[in-house]
Amino acid sequence: MEAGGLPLELWRMILAYLHLPDLGRCSLVCRAWYELILSLDSTRWRQLCLGCTECRHPNWPNQPDVEPESWREAFKQHYLASKTWTKNALDLESSVCFSLFRRRRERRTLSVGPGHEFDSLGSALAMASLYDRIVLFPGVYEEQGEIILKVPVEIVGHGKLGEVALLASIDQHCSTTRLCNLVFMPAWFSPFMFKTTSGHVQFDNCNFENGHIQVHGPGTCQVKFCTFKNTHVFLHNVPLCVLENCEFVGSENNSVTVEGHPSADKNWAYKYLLGLIKSSPSILPTEDSDSLMSLDLESRDQAWSPRTCDIVIEGSQSPTSPASTSPKPGSKAGSQEAEVGSDGERVAQTPDSSDGGLSPSGEDEDEDQLTYRLSYQVQGPRPVLGGSFLGPPLPGASIQLPSCLVLNSLQQELQKDKEAMALASSVQGCLIRKCLFRDGKGGVFVCSYGRAKMEGNIFRNLTYAVRCIHNSKIVMLRNDIHRCRASGIFLRLEGGGLIAGNNIYHNAEAGVDIRKKSNPLILCNQIHHGLRSGIVVLGNGKGIIRNNQIFSNKEAGIYILYHGNPVVSGNHIFKGRAAGIAVNENGKGLITENVIRENQWGGVDIRRGGVPVLRSNLICFGYSDGVVVGDEGKGLIEGNTIYANKGCGVWMMSSSLPHVTSNHVSYNGLYGVAVFSQKDGSGEFPGGHGAQENFSEDGDAILWETELEKDDDPLRRPVTIALVESNSINHNGASGLYVQSSEVLHVLTNVIHANGDRGITVAQSSQLTRVVNNSISCNRQSGVKVEAQCKVELRGNGIYDNRGHGIITKGDSTVVIENDIIGNRGSGLQLLPRSDTKVIKNRIHSFRAYGIAVRGRAKALVQENIIFQGKTSKTIFQQISNNRECVLQNNKFLVFKKKSDTWRLVNPPARPHLESSLRGPSAAHSGQKVTAMATRITARVEGGYHSNRSVFCTIL
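Residues numbered from 1 in each chain as written. Predicted model: local features only at pLDDT ≥ 70, side-chain atom pairs only at ≥ 80, totals over all residues. Heavy atoms only, no water.

K.L.:
Got a minute to help me understand the overall build of the protein in this structure?
P.N.:
When its secondary structure is counted, the protein shows 15 helices and 79 strands. Considering the protein as a whole, with its 956 residues, one finds that 60% of them fall into the buried category. In the protein, the share of contacts with a sequence separation of at least 24, taken over all contacts with a separation of at least 6, comes to 56%. When the accessible area of the protein is evaluated, it comes to approximately 36,900 Å², of which 51% is carbon and sulfur surface. (Helix = DSSP H or I, 4+ residues; strand = E, 2+ residues; numbered from the N terminus. Buried < 20%, exposed > 50% of the residue type's maximum accessible area, 1.4 Å probe, protein only. Contact = heavy atoms within 4.5 Å. Areas by Shrake-Rupley, 256 points an atom, 1.4 Å probe, with all protein chains shown as cover.)

Have a look at this one:
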């Protein structure tokens, strides 16, 4: 830069003394001078911005300590905004007699105050002409009558804000006006401080106290850097109003009310306001501004909680590779005999992997001791989740989810959803931006087809932040809503819109309350640390709840009841002090592809008529059960991964007729699936999750039943029998399936593998329990145990390599037909005293014990079975006493003749025959997003057993 050889620092010091017009002229000299003027951003431009009496700090009132990205740009935006009210000056003056002279009239300045030209505002207005400037000098001005503005004027207070107070009721009849640097108070005869019906009004840097402001469409308003103390802004049918950088304090009612559909008639200012909004910096998210949503889950958890998460996710593991440590060479773990318990059940004394897909002939024994080779295929955990399955939980310290499970940023979600993007970009009705609402009753109330958009605001210490009712629509982006005494956001009577990217926390009621046919899109919010639920949907409420973080709430993360029917997808719901999702009181909903983890109660809790579709979710690391289907709960539970919960994987009541299909249930601390029928006293929720809970507004009782709809949902097909089908149930701490029920139960085509106790335990079954076409293998005790007085049918199952007996029964009506009972360490089939069993057309073998052992006076019909011999020291069939009630007919006994003998299971091949039994839709659907959930997840799981109650119920 050629400037007489002076250094740039000296030029900046000289130019810092220039006024705004001189800076503008200097910037036009040349490119070098232009860049030099721009370099004064943190010095001269900052001084000009903060020294202007018509504005405040650009980030006031929410972040007054944070400097803007550019002081020059902030000053420019305010300067342009302050001139909006004069944009129609040429049009207006051309329509009056001044157009004859084609000469622009100079604006006059009229002074009001003691010792000045006018004593009162009214007298100055009487002498004012178009666009005159009226300056009120310090003092209190009280007008005794209503002031009517008939010509466009600018009314400005002189000095600092607060030195000029105006007690008046102003009614604007002109096309435009501007008021600046004033303190407004209502006159003694009217609570309205200002009102307009068709013109445009602009407020800059004003205070309003204890009154009302009213704007009717097609009138418009522009408000910036103003404080409203116990003041109500009422906007009726406005096409466009802008409230920016304002503070609302201590309201006794709503701070802002937006009522009525935006007027189709628009005044002259509408297009200028719209252009000003589009030219201002957008608050819509970018990839950089979405850093909070793109952080890993551990960082987000630590932002709100001192606890760390013990989860590590690594690469997938092959279904045939052992998950636990295999015995070292030379150990005797593989050759030790199992001991017989007091009830005749064999219990393994040595740990093993419980995972192997091999028959006992593959164990570490001398070849001379082997009597035969029996060829068959053990069904391990079925690859219904895309060919991989979850490995054993191990302690960990970090979370690294697959890319398809990490939450998308708001920008990514909007790019995928064009309708949501259009809604987020639209401006209609009232725009409220960068405002602070605090210490009052209500924030923003939108009603009767009103439209409002709220961006970057803070709502705190209010009764509620936002209410949207009567077919109104709201757009809420990047707001901070906390410490409300009721719900943060409340929608009813068909309210809707977009609620995206907000931080909603520490509210006394629900973070978001949806009811009475409201249908919003709730996207990419953080809803946490609420004193009740995160989101409540009731009274025929709907909505799409997608890609949110919902955590650390005192009650359910999402609570659906009274025919609420939302679509809940892609959310992370974790560390709640109750259930992750609770569906109650005839609630519905499609709940799909969520990550539900580390909740104190069930990951999903369904009861009292709840009938959701629970599909393709990852439910893991809960401190209770994964899924609880309680009294009168129903629904479809399909394709979920239920992993490493401290209680049961699925705890349900058969009387509720649940349908549990195509789930992967593994590494849970207690039973994989537990089925009960009796009432257990757990119907009431602690902490307000019961029928006595008050979900009405402001405590008033509402009878929702009068409004409920009865619609048919094609996603739900009727189920008349409790059904557990096509699940992979493996590596759970207790039995894979535990049944204590007095209703009919069907258990079909499941893979029950390597569980810590029995594969299936039927403790009570007064009605028939059908166990058909299941693979039951490698469980730590017996494959199946049937207790006394139970009615069970076992048909078409493959029962392999269990460490106890294949089947042990005390039941008085047990039918065992066409099963393969092979390679179990105890007897293939053990019939205990007082049992009544039909054993027909099975293939039975025990590697170390008897094919069939009859203990005491058991009643049995053993007919047309093929029984293979085990070791040479054992026999094929054992009968302890001379029992005439045990009948053997047409059985085939195969004994070895030489070491090279090989027997194969053919005609039919090894059971179960799952390929022909799987349901197409269930198997096909499970290969979608849940596929990525079935990666290796490791965490600590504390074991333990309970009798007949879920952990949730035991707590009660």
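K.L.:
What is the right way to read helix α2 (residues 20-27) from this model?
P.N.:
Among the residues making up α2, those that are buried are Leu23, Cys26 and Ser27. Axial view of α2: buried residues confined to an arc of 100°, hence all on one face. (Arc of directions from axis to C-beta.)

K.L.:
Can you help me understand the environment of Arg855 in this one?
P.N.:
One can find Arg855 in the loop between β72 (852-854) and β73 (859-863). In this structure Arg855 comes out as partly exposed when scored by relative accessible area, which is 28%. Separated by 21 residues in sequence, Arg855 and Arg834 place their C-alpha atoms 9.2 Å apart.

K.L.:
Hey, could you run me through the side chain of Ser782 in this one?
P.N.:
Mapped onto the elements, Ser782 comes out in the loop between β62 (775-777) and β63 (784-786). At 3.3 Å, the side chain of Ser782 and the backbone nitrogen of His805 are in polar contact. (Polar contact = N/O pair within 3.5 Å; in protein donor to acceptor, adjacent residues only side chain to side chain.)

K.L.:
Help me understand unusual backbone geometry in this model?
P.N.:
Excluding glycine, a negative phi dihedral is what most residues carry, and trans is how most peptide bonds are arranged. Across the junction of Trp60 and Pro61, the peptide omega takes the value 5°, indicating a cis bond. Counting through the fold element by element, Pro61 comes out in the loop between α4 (41-51) and α5 (71-82). Residue Arg911 is joined to Pro912 through a cis peptide bond whose omega torsion reads 0°. Among the secondary structure elements, Pro912 is positioned in the loop between β78 (902-904) and α13 (920-925). Although it is not a glycine, Asn245 sits at a positive phi angle of roughly 55°. For Asn245, the location among the structural elements is in the loop between β17 (240-244) and β18 (247-249). The exposure class of Asn245 is buried, given its relative accessible area of 3%.

K.L.:
When you look at the packing of helix α1 (residues 8-15) against helix α3 (residues 31-38) in this model, what are you seeing that I'm missing?
P.N.:
Packed helix pairs are specified by the crossing angle of their axes together with the interaxial distance, meaning the distance between the axes. Interhelical geometry of α1 versus α3 gives an angle of 70° and a closest axis separation of 10 Å. The orientation of α1 with respect to α3, classified from their angle, is roughly perpendicular. As α1 packs across α3, the resulting crossing turns out to be right-handed. Each of Leu8, Trp11, Arg12 and Leu15 in α1 lies in contact with α3, whose residues at this interface are Trp33, Leu36 and Ile37. (Axes fitted to C-alpha atoms, helices over the stretch in contact; angles between N-to-C directions. Parallel < 35°, antiparallel > 145°, perpendicular 65-115°, else oblique. Left-handed = near helix turned anticlockwise from the far one by under 90°.)

K.L.:
Would you mind showing me how to read the packing of α2 against α3 here?
P.N.:
With their axes 7 Å apart at the nearest point, α2 and α3 run at an angle of 140° to one another. Taking contact as the criterion, the partners of Leu23, Cys26 and Ser27 in α2 are, on α3, Trp33, Tyr34 and Ile37.

K.L.:
What exactly am I supposed to notice about the packing of aromatic side chains here?
P.N.:
For any two aromatic rings, the description comes down to two numbers: the centre-to-centre distance and the angle of the planes. What the rule picks out here adds up to 16 aromatic pairs. Measuring from centroid to centroid gives 5.3 Å for Phe194 and Phe203, while their planes differ by 85°, and the two rings are edge-to-face. Using a relative accessible area of 1% as the deciding quantity, one classes Phe203 as buried. The ring centre of Tyr270 lies 5.1 Å from the NZ or CZ of Lys266, which sits over that ring. (Phe/Tyr/Trp six-rings, centres within 6.5 Å; stacked < 30°, edge-to-face > 60°. Lys NZ or Arg CZ within 6 Å of the ring centre and 35° of its normal.)

K.L.:
What is the right way to read the nonpolar core from this model?
P.N.:
The nonpolar side chains of soluble globular proteins are, as a tendency, buried together. In terms of nonpolar packing, the biggest core is built from 128 residues, with Ile134, Phe184, Leu235, Val256, Phe459, Val512 and Ile535 touching the most fellow members. Top element by residues in this core is strand β27 (residues 458-468). It accounts for five residues. Beyond its immediate chain neighbours, meaning those up to four positions away, Val512 contacts Ile489, Leu491, Ile499, Ile504, Ile522, Ile527, Gly534, Ile535 and Val536. (Core = buried A, V, L, I, M, F, W, Y, C linked by side-chain atoms within 4.5 Å.)

K.L.:
So what exactly am I meant to see when it comes to helix α8 (residues 269-279) here?
P.N.:
Along an α-helix, residues three or four positions apart point the same way, because every turn accommodates 3.6 residues. Here α8 has its buried residues at Ala269, Tyr270, Leu273, Leu276 and Ile277. Taken down its axis, α8 places every buried residue within 130° of arc, on the same side. Exposed and facing more than 90 degrees away from the buried side of α8 are Lys271 and Lys278.

K.L.:
Explain the environment of Met13 here, please?
P.N.:
Within the secondary structure layout, Met13 lies in helix α1. Owing to a relative accessible area of 53%, Met13 belongs among the exposed residues under this scheme. Separated by 31 residues in sequence, Met13 and Arg44 place their C-alpha atoms 9.2 Å apart.

K.L.:
What is the right way to look at the pairing of strand β54 (residues 673-676) in this model?
P.N.:
On a regular strand, each side chain points to the face opposite its neighbour's, so the side chains alternate between the two faces of the sheet. By the alternation rule, side chains of β54 split into Val673 and Val675 and Ala674 and Phe676, which are all buried. Where strand β51 (residues 650-653) lies against β54, four bridges are found, and the strand directions are parallel. Across the sheet, residue Val650 finds its bridge partner in β54, namely Val673. Note that β54 and strand β57 (residues 737-741) share four bridges and pair parallel. Opposite Val675, over in β57, you have Val739 as the bridge partner. (Pairing = 2+ DSSP bridges.)

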